[in-house]
Amino acid sequence: MARLRTPSWRTDKRSAHERGYTAAWRKARDRYLQDHPLCIYCQEDGRVEAATVVNHVIPHQGDQKLFWDESNWAAVCKPHHDSTIAREEARGVRIGGDETGQPLDPKHHWNK
């Protein structure tokens, strides 16, 4: 079985504040969650759950332009952020498939 890579944000020893998660971020995050109140992953599964986390779709890895790019943000619930998204970042492909079972991510090896 393949060993999962640890996402870079888990190995970064800097504090959250040092990585950019400041009062300005919290204010922007709160505004974004007001405008996008539902978890996009739960909606894809046909469920309605409140989003409580703003995820960076493409991990910013310290790039402040990418960090503040709202088109790179997604409203998600904490369970999806801490499980599904963490696994996706470790694997490098989006988890999930269509109704036939075909992987959704074009980068998945089955789609090559």
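Residues numbered from 1 in each chain as written. Predicted model: local features only at pLDDT ≥ 70, side-chain atom pairs only at ≥ 80, totals over all residues. Heavy atoms only, no water.

Digging into the side chain of asparagine 72
Looking at where asparagine 72 falls in the secondary structure, it is placed in the loop between helix H4 (64-68) and strand S2 (73-76). The residues contacting asparagine 72, other than those within four sequence positions of it, are Asn55, His56, Val57, Ile58 and Leu66. (Helix = DSSP H or I, 4+ residues; strand = E, 2+ residues; numbered from the N terminus. Contact = heavy atoms within 4.5 Å.)

Remarks on the pairing of strand S1 (residues 53-56)
Judged by which residues are buried, S1 turns out to be covered on both faces: Val53 and Asn55 on one side and Val54 and His56 on the other are all buried. Where S1 meets S2, four bridges bridge the pair, whose relative direction is antiparallel. Following the sheet pairing, valine 54 is matched in S2 by alanine 75. (Buried < 20%, exposed > 50% of the residue type's maximum accessible area, 1.4 Å probe, protein only. Pairing = 2+ DSSP bridges.)

Describing the confidence of the model for the chain
Taken residue by residue, the chain gives an average pLDDT of 78. The fraction at 70 or more is 64%. Averaged over each element, pLDDT in the chain is lowest for helix H1 (residues 8-11) (53) and highest for helix H2 (residues 23-35) (96). (pLDDT = per-residue confidence, 0-100.)

Some remarks on the nonpolar core
Core analysis: the biggest nonpolar cluster contains nine residues, these being Trp25, Ala28, Tyr32, Leu33, Ala51, Val54, Phe67, Trp73 and Ala75. Elements that contribute at least two residues to this core include exactly H2 and S2. The greatest single-element share of this core, amounting to four residues, is contributed by H2. Once you skip the residues sitting within four places of it in the chain, tryptophan 73 turns out to touch Trp25, Ala28, Tyr32, Val54, Asn55, His56, Val57, Phe67 and Trp68. Residues Cys42, Val53, Val76 and Cys77 belong to the second largest nonpolar core, which totals six residues. (Core = buried A, V, L, I, M, F, W, Y, C linked by side-chain atoms within 4.5 Å.)

What about the pattern of salt bridges?
Per the stated rule, a full pass over the model turns up four salt bridges. Taking the shortest distance from any N to any O, the salt bridge between arginine 31 and glutamate 70 comes out at 2.8 Å. Residue arginine 31 is located in helix H2, and its partner glutamate 70 is located in the loop between H4 and S2; the two are separated by 39 residues in the primary sequence. The exposure class of glutamate 70 is partly exposed, given its relative accessible area of 35%. For aspartate 82, the salt bridge is made with lysine 78, and the minimal N-O distance between the two is 2.7 Å. Of this pair, aspartate 82 and lysine 78 both sit in helix H5 (residues 78-91), four residues apart, which is roughly one turn of the helix. Under the relative-accessibility criterion, lysine 78 is labelled partly exposed at 46%. (Salt bridge = Lys/Arg side-chain N within 4 Å of Asp/Glu carboxyl O.)

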